[in-house]
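So the chains spell out like this:
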Amino acid sequence: IKEIEATLNNAEIIEENSKSNRVGLGTTVTLKFIEKNEEKTYMIVGSIESNPFEGKISSSCALGEAILGKLVGDIIEVKAIKPYKVQIISIGAKK
């Protein structure tokens, strides 16, 4: 119960912004994985909400950290066990 109380006490309400131009919490981002030439869409969420199988990635995972604050067209190298590059194709507001 104390863990839940701490989470709620530190919770932050994220305002919906239909004119998102940077990747941030609550935004939906479409990425192109350069080496695979494959596109995927994710919503950036907090660590408790993350569920990659539902297209929700944490802002604190390697991919989430790498793309936070970036713009459409940016190419980013994700620091992972095997580093890889992604390009931001589009950024949208929270759905």
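Check the entry above for the structure.
This write-up is about the structure you can find in this document. (Residues numbered from 1 in each chain as written. Predicted model: local features only at pLDDT ≥ 70, side-chain atom pairs only at ≥ 80, totals over all residues. Heavy atoms only, no water.)

## Remarks on the pattern of salt bridges
Move 1: In total, this model carries 3 salt bridges according to the counting rule given.
Move 2: Close ionic contact of Lys56 with Glu54 constitutes a salt bridge, the shortest N to O distance being 3.9 Å.
Move 3: Look at Lys56 and you get partly exposed, because its relative accessible area is 29%.
Move 4: Between Lys79 and Glu77 there is a salt bridge; the shortest N-O distance is 3.7 Å. (Salt bridge = Lys/Arg side-chain N within 4 Å of Asp/Glu carboxyl O. Buried < 20%, exposed > 50% of the residue type's maximum accessible area, 1.4 Å probe, protein only.)

## Observations concerning the pairing of strand β5 (residues 84-92)
Move 1: One ladder, built from 6 bridges, connects strand β1 (residues 28-33) with β5; its direction is antiparallel. Its bridge partner being in β5, Leu31 is matched across the sheet by Ile88.
Move 2: In this structure, strand β4 (residues 75-78) lies alongside β5, joined through 4 bridges in antiparallel fashion. The residue of β5 that forms the bridge with Val78 is Tyr84.
Move 3: Where β4 folds back onto β5 in an antiparallel hairpin, the turn is made up of 5 residues. (Pairing = 2+ DSSP bridges. Helix = DSSP H or I, 4+ residues; strand = E, 2+ residues; numbered from the N terminus.)

## Concerning the pairing of strand β2 (residues 38-45)
Move 1: Examined bridge by bridge, β1 and β2 share 6 bridges and lie antiparallel to one another. Considered in β2, the bridge of Thr30 is made with Thr41.
Move 2: What sits between β1 and β2 in their antiparallel hairpin is a turn of 4 residues, with Asn37 showing a positive phi close to 50 degrees.
Move 3: As paired strands, β2 and strand β3 (residues 56-58) are joined by 3 bridges and run parallel to one another.

Coordinates in, geometry out; function isn't part of it.
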